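Residues per chain are reported as follows:
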Amino acid sequence: MKRILLGTLLALPLAISSLPSQASAAEILVRPNVHRTAFVHRPVVARYKQRFIPAHWETVRRGNRWVKVRVPARHVYVRV
């Protein structure tokens, strides 16, 4: 009889702690972020740079070929 009584006394705190309980509202802390970093969104301006292209592609029997010549050379605007 003493063993049964001692066993229930030892198991009772474990059984109570294993039962699910409702969360208390006092335990939940919500802290709003008061000190936010200000982000200034600036529009992105596309910058172009003039570049000299001294050659062009020509189609030949074996495929394409990069031909360097002075006459059809041109300046093109490419993004930086």
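Reading the values: the criteria
- Residues numbered from 1 in each chain as written.
- Predicted model: local features only at pLDDT ≥ 70, side-chain atom pairs only at ≥ 80, totals over all residues.
- Heavy atoms only, no water.
- Helix = DSSP H or I, 4+ residues; strand = E, 2+ residues; numbered from the N terminus.
- Contact = heavy atoms within 4.5 Å.
- Areas by Shrake-Rupley, 256 points an atom, 1.4 Å probe, with all protein chains shown as cover.
- Expected span 1.5 Å × (residues − 1).
- Bend = angle between axes of the 7 residues up to and from the residue.
- Buried < 20%, exposed > 50% of the residue type's maximum accessible area, 1.4 Å probe, protein only.
- pLDDT = per-residue confidence, 0-100.

**Digging into the overall build of the protein chain**
Thought 1: A count of helices and strands for the protein chain gives 1 helix and 4 strands.
Thought 2: When its helices and strands are written in sequence order, the protein chain yields α-β-β-β-β.
Thought 3: Within the protein chain, contacts between residues separated by at least 24 positions form 40% of all contacts whose residues are at least 6 apart in sequence.
Thought 4: Element-wise, carbon and sulfur atoms account for 60% of the exposed surface of the protein chain, whose accessible area totals about 9000 Å².

**A few points about helix α1 (residues 2–18)**
Thought 1: With 17 residues, α1 extends 25 Å between its outermost C-alpha atoms, agreeing within 8% with the 24 Å of an ideal straight helix rising 1.5 Å per residue.
Thought 2: The largest bend in α1 comes to about 30°, at Ala11, with the proline Pro13 one to four residues further on.
Thought 3: Little of α1 sits out of view: just 0 of its 17 residues are buried.

**What about the confidence of the model for the protein chain?**
Interpretation of the predicted coordinates at a detailed level should be avoided for regions scoring low in pLDDT.
Thought 1: With 86% of its residues at a pLDDT of 70 or more, the protein chain shows a mean pLDDT of 79.
Thought 2: Mean pLDDT across the elements of the protein chain bottoms out in α1 (78) and peaks in strand β3 (residues 63–68) (90).

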